[in-house]
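Examination of the molecular architecture
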Number of protein chains: 2
Amino acid sequence: MTNYKKTELGKIDELINLENGKAFLHDALELTSCEISINAVPKGFKVPFNHKHKQNEEVYIILKGKGIMTIDNEAVKVKEGSVVKVAPEASRTIENTSDNEFQFICVQAKVNSLEQYGLKDAELC
Amino acid sequence: MTNYKKTELGKIDELINLENGKAFLHDALELTSCEISINAVPKGFKVPFNHKHKQNEEVYIILKGKGIMTIDNEAVKVKEGSVVKVAPEASRTIENTSDNEFQFICVQAKVNSLEQYGLKDAELC
């Protein structure tokens, strides 16, 4: 096992050129604790279905633009700097309501898996 | 348990005005799967110590600027779009080598806790 692994996605504003405007990190970095997607989507984009999760909590971090997350049929407005945690069993979708690019990061990790964090998990060395 | 929780951080470029240039999300969102920090630090910033983790894998996502992560004494150059996974036991620190602001997100979650992800964990609904 190596102590680190790095990948290069390039400029965040150019991720919109990727297939589906999405870069997934799990496989590229051999992650064992979470899956992360970096998303950049154009005006008018909407995930065309609702989904929920079996095990994983999701955290959406909005980097640019504004949108609407529909969570259990509630319209939740989001914009740059909004961060939303979604419970596994909630139905969700997301759309871009900006006139321009909408960028967000989505982290998924197993609900209730975190045992400690911050100073309790860190050691100076 | 609510199905979602939201917080507002404001403009990403203005996070540099926070104490230590850091916003933590665990407590604000009652996360149960990970801790996430959003970081915006000025020219010359360097975390003044090395640290490692007991349980948690970390993922650093660089949003703006460039820097150096020192991982087990190896200098790893990073810039916008670099993403680095660091194993719990690795010694690490990070510095801004840009002439301007350096922005990054750090996700920590328990190593080997992810059981499934992507289509295996998702269900249409």
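Residues numbered from 1 in each chain as written. Chains lettered and ligands numbered in written order. Predicted model: local features only at pLDDT ≥ 70, side-chain atom pairs only at ≥ 80, totals over all residues.

1. Notes on the overall build of chain A
Check the secondary structure of chain A and you find one helix and eleven strands. Across chain A, helices and strands are ordered from the amino to the carboxyl terminus as β-β-α-β-β-β-β-β-β-β-β-β. Considered along the principal axes of its C-alpha atoms, chain A spans approximately 50 × 35 × 25 Å. When the 125 residues of chain A are sorted by exposure, 42% land in the buried category. Taking as baseline every contact in chain A between residues at least 6 positions apart, the subset at least 24 positions apart corresponds to 66%. (Helix = DSSP H or I, 4+ residues; strand = E, 2+ residues; numbered from the N terminus. Buried ≥ 20, exposed ≤ 12 C-beta atoms within 10 Å, placed from the backbone. Contact = placed C-beta atoms within 7 Å.)

2. Overview of the relation of the copies chain B and chain A
The transformation that overlays chain B on chain A combines an axial shift of 0.0 Å with a rotation of 180°, and the residual RMSD is 0.0 Å. Between the two chains, the operation in question is that of a two-fold axis. For chain B, the residue whose C-alpha comes nearest the rotation axis is S113 of chain B, separated from it by 3.2 Å. Most of the interface of chain B is mirrored in chain A, where 100% of its interface residues are also at the interface. (Least-squares fit on C-alpha atoms with pLDDT ≥ 70 in both.)

3. Quick look at the sheet that holds strand β10 (residues 102–110) of chain B
The six strands lie next to each other as β1(A)-β8(B)-β5(B)-β10(B)-β3(B)-β2(B), forming an open sheet whose pairing is antiparallel. Strands with a single pairing partner mark the edges of an open sheet, and in this sheet they are β1 (4–8) of chain A together with β2 (22–24) of chain B. Geometrically, the sheet is characterised by an average inter-axis angle of 15° between neighbouring strands, direction not taken into account. Bridging between strand β5 (residues 56–64) of chain B and strand β8 (residues 82–86) of chain B involves four bridges; their strand directions are antiparallel. Residue pairing across strands places I61 of chain B opposite V83 of chain B, the latter belonging to β8 of chain B. (Pairing = 2+ DSSP bridges. Axes fitted to C-alpha atoms, helices over the stretch in contact; angles between N-to-C directions.)

4. Regarding the environment of I68 of chain B
Residues and elements named next belong to chain B. Note that I68 resides in strand β6 (residues 66–71). Separated by 54 residues in the primary sequence, I68 and A122 place their C-alpha atoms 36 Å from one another. Sequence-distant contacts of I68, defined by excluding residues within four places in its chain, comprise A75, V76, K77, E95 and T97.

5. Looking at the sheet that holds strand β1 (residues 4–8) of chain B
Spatially, β2(A)-β3(A)-β10(A)-β5(A)-β8(A)-β1(B) is the arrangement adopted by the six strands of the open sheet, whose pairing is antiparallel. Of all the strands in the sheet, the pair left with one neighbour each is β2 (22–24) of chain A together with β1 of chain B. Taken over all neighbouring pairs, the strand axes of this sheet differ in orientation by 15° on average, direction set aside. Sheet topology places strand β8 (residues 82–86) of chain A next to β1 of chain B; five bridges connect them, and they run antiparallel. Paired with V84 of chain A across the two strands is K6 of chain B, which belongs to β1 of chain B.

6. So, the interface of chain B and chain A
Often, the extent of an interface is quoted as the loss of accessible area on bringing the components together. Contacts between chain B and chain A engage 63 residues on the former and 63 residues on the latter. Of all the secondary structure elements, the ones that give two or more residues to the side of chain B that touches chain A are β1, α1 (26–29), β3 (35–41), β4 (51–53), β5, β8, β10 and β11 (122–124) of chain B.

7. Observations regarding the pairing of β8 of chain B
Of all the five residues making up β8 of chain B, five are buried; the element is thus mostly covered by neighbouring parts of the structure. Side-chain alternation along β8 of chain B places S82, V84 and V86 of chain B on one buried face and V83 and K85 of chain B on a second face that is also buried.

8. Concerning unusual backbone geometry
Residues and elements named next belong to chain A. Notably, N73 is not glycine yet its phi reads approximately 70°, a positive angle. Within the fold, N73 resides in the loop between β6 (66–71) and β7 (74–79). Of note in the backbone geometry, N112 takes a positive phi value of approximately 65° without being a glycine. Relative to the assigned elements, N112 resides in the loop between β10 (102–110) and β11 (122–124).

9. Quick look at the environment of K52 of chain A
For K52 of chain A, the position within the fold is in strand β4 (residues 51–53). Separated by 16 residues in the primary sequence, K52 of chain A and I36 of chain A place their C-alpha atoms 16 Å from one another.

10. Observations regarding the environment of E35 of chain B
Structurally, the position occupied by E35 of chain B is in strand β3. Along the primary structure E35 of chain B and L25 of chain B are separated by ten residues, whereas in three dimensions their C-alpha atoms are 6.4 Å apart. If sequence neighbours within four positions are ignored, E35 of chain B has contacts with L114, Y117 and G118 of chain A together with F24, H26 and Q108 of chain B.

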